[in-house]
Amino acid sequence: MRWTVNIEGGPRRVNHAAVCIDDKIFSFGGYCSTEEYKDWEPIPIHVLDTSTLRWSPVYYKKTHVMPFQRYGHTTVAYGDKVYMWGGRNNAVACDTLFCFDTKKLEWSMPPVTGIVPYAKDGHSACVIRNKMYIFGGFEYLTDQYSQEVHCLDLDSLQWTFVDVHGAPPSQRDFHTAVPIGDRMYIFGGRGDLNSPYNSQEEVYCPQVFYLDTVKDEWVVANPQGTWPEGRRSHSAWYHGGYMYIFGGFNGNTKTHFNDLYRYSLNGNYWQYINVCGTKPCQRRRQACLLYNNKLYLFGGTSPCPHVSSRSLDNAEAVEDPERLIDNSDLHILDYSPTLKTLCILKVLEHNLDQTYLPRDIMIDIWTMTVPNRISRPVNQAG
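Small disclaimer: the values here were computed from a predicted structure and weren't measured.

**Student:** Hey, could you run me through the packing of aromatic side chains in this one?
**Tutor:** Centre-to-centre distance and the angle between the planes together describe a pair of aromatic rings. Scanning the entire structure with this criterion turns up 24 aromatic pairs. A ring pair is formed by Phe100 and Trp107, whose centres lie 5.1 Å apart and whose planes are at 55 degrees; its orientation type is tilted. In this structure, Phe100 and Trp107 share a single accessibility class: buried. One aromatic cluster in this structure is built from Tyr185, Phe187, Tyr210, Tyr261, Tyr263, Trp270 and Tyr272. The side chain of Arg262 reaches across the aromatic face of Tyr242, ending 4.0 Å from its centre.

**Student:** I keep staring at unusual backbone geometry and nothing clicks. Help me out?
**Tutor:** What is expected of a backbone is that most residues other than glycine have negative phi and most peptide bonds are trans. Here the bond from Ser195 into Pro196 is cis, since omega is 15 degrees, no more than 30 degrees from zero. Tracing the backbone through its elements, the reader meets Pro196 in the loop between β20 (190-192) and β21 (202-204). Even without glycine at this site, Phe174 takes up a positive phi of about 55 degrees. Mapping Phe174 onto the fold places it in the loop between β17 (158-161) and β18 (176-180). Phe174 gets classed as buried once you look at its relative accessible area, which sits at 12%.

**Student:** What's the story with empty space enclosed by the protein in this structure? I'm lost.
**Tutor:** Empty space among the atoms becomes visible once a probe the size of a water molecule is rolled across them. In this structure the tally under the stated criterion is 2 cavities of 30 Å³ or more. Computed from the structure, the largest cavity encloses a volume of approximately 70 Å³. As for the largest cavity, its lining consists of Trp3, Phe246, Asn258, Asp259, Leu260, Tyr272, Ile273, Asn274, Val275 and Lys279. A per-element tally of the lining of the largest cavity places strand β27 (residues 255-264) first, with 3 residues. For the lining of the largest cavity, the class distribution of residues is 6 nonpolar, 2 polar and 2 charged.

**Student:** Is there a simple way to explain the nonpolar core in this structure?
**Tutor:** Taken as a class, soluble globular proteins show a tendency for nonpolar side chains to be buried jointly. In terms of nonpolar packing, the biggest core is built from 18 residues, with Ile25, Leu53, Tyr296, Phe298 and Leu330 touching the most fellow members. At the level of elements, β1 (2-7), β29 (287-291), β30 (294-298), β33 (330-334), α1 (339-349) and α2 (359-369) are the ones that each hand at least two residues to this core. Among the elements that take part in this core, α2 stands out by supplying 3 residues, more than any other. Sequence-distant contacts of Phe298, that is, excluding residues within four places in its chain, are made with His16, Ala18, Ile25, Ser27, Trp55, Gln286, Ala287, Leu289, Asp329 and Leu330.

**Student:** Quick question: what am I supposed to make of the sheet that holds strand β11 (residues 120-121) here?
**Tutor:** Pairing between the strands of a sheet comes from backbone hydrogen bonds, and it takes one of two forms, parallel or antiparallel. Spatially, β11-β14-β15 is the arrangement adopted by the 3 strands of the open sheet, whose pairing is antiparallel. A single partner strand is all that each edge strand has here, and the edge strands are β11 and β15 (144-145).

**Student:** Help me understand the packing of α1 against α2, please; the structure alone is not making it clear to me.
**Tutor:** To characterise two packed helices, one gives the angle between the axes of the helices and the distance between these axes. In the contact formed by α1 and α2, the axes pass within 11 Å of each other and the chain directions differ by 70 degrees. For the element pair α1 / α2, the angle class is roughly perpendicular. Here α1 runs over α2; the crossing is right-handed. In this structure, α1 uses Lys340, Thr341, Ile344, Leu345 and Leu348 to contact α2, whose residues at the interface are Asp360, Ile361, Asp364, Ile365, Met368 and Thr369. In the contact of α1 with α2, the residues fall into 6 nonpolar, 2 polar and 3 charged.

**Student:** Explain α2 to me, please; I cannot follow it from the model alone.
**Tutor:** Turn by turn, an α-helix covers 3.6 residues, leaving residues three or four places apart pointing in a common direction. Of all the residues in α2, the buried ones are Ile361, Ile365, Thr367 and Met368. On an axial view of α2, the arc spanned by its buried residues comes to 160 degrees, and they lie on one face.

What counts, and at which threshold
Residues numbered from 1 in each chain as written. Predicted model: local features only at pLDDT ≥ 70, side-chain atom pairs only at ≥ 80, totals over all residues. Heavy atoms only, no water. Phe/Tyr/Trp six-rings, centres within 6.5 Å; stacked < 30°, edge-to-face > 60°. Buried < 20%, exposed > 50% of the residue type's maximum accessible area, 1.4 Å probe, protein only. Lys NZ or Arg CZ within 6 Å of the ring centre and 35° of its normal. Helix = DSSP H or I, 4+ residues; strand = E, 2+ residues; numbered from the N terminus. 1 Å grid on protein atoms, 1.4 Å probe; cavity = no way out; pocket = protein on both sides within 12 Å on 5 of 7 lines; lining within 4 Å. Points joined across faces, edges and corners; volume = space filled by probe spheres on them. Nonpolar A, V, L, I, M, F, W, Y, C, P; charged D, E, K, R; others polar. Core = buried A, V, L, I, M, F, W, Y, C linked by side-chain atoms within 4.5 Å. Contact = heavy atoms within 4.5 Å. Pairing = 2+ DSSP bridges. Axes fitted to C-alpha atoms, helices over the stretch in contact; angles between N-to-C directions. Parallel < 35°, antiparallel > 145°, perpendicular 65-115°, else oblique. Left-handed = near helix turned anticlockwise from the far one by under 90°. Arc of directions from axis to C-beta.

Set out below in structure tokens:
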């Protein structure tokens, strides 16, 4: 396992949502603090080709059904389609289900039945069998954190409130949910000392929970090992029997993270992982997608480094959690780097002469090092 790629120039996005379909990664919405945010502008989409590591804007078909720009939403892949739910702009939150067809490049608003969840953001969504499960989030109609579970049958498009047994995770938003078999694993997120109410007294739970979707029952894992500190707006994914988490933010300690932990499903323990290579800087609200034994991480926001004024002769860079910068970088965590990749990394690390390298090696070096050149799509093509 090694961090192998770190290139700039992708979409500068925070609180976006992304899915992987075949060898393409689609990123939906989010925002950038240096851009003029327009609440009712159609949501932008960017796509990453995982073979070339090049980003492109998606100019989808212009119809009367185009969801507005948003953040804090969720997207899931089901076949060639992407289902987007929730999120908000600066004016309203949304409870409408949208579907994006990645072959036709067209949005639709499929009719749904059943009990639709309240509009919210900061919830989680994942697909288990043919159902999209939604947990938690912050509801704007009730002005409360949620601990409810809803599911949407992606074949019949019927919403169902799931009456779950057992002790549920506390009310929270900006946690992660990872589908593994028939279980949905929950970690982290932000709650409140007076939950479900929002009193600005934040609570960060480090416990692992999972929802058994066969029994509709919550289970507390209570793992062994060294637990990661409670956090929100981190990333989580599953690979080879482990649930991994990266990054995030704790508002009580004002700490941004760039640590990597893994939770063993079979052993029920946490383990800190120190990975070689250039790891991403501290950040939150990034996106992470696993494809073909590689983890693609992009975007998010990080604390700005500034120079300590204690001594100009002995200047020291420290993090300022109050000043943030939005990221446009792409990082790849390769679980099984090839000998070719490892050799390329040594060439780059030691700045070795590349004059007589084969053409395919030079192409790979170009792919791994040359920054993207991408601009945000303003108008969608008709």
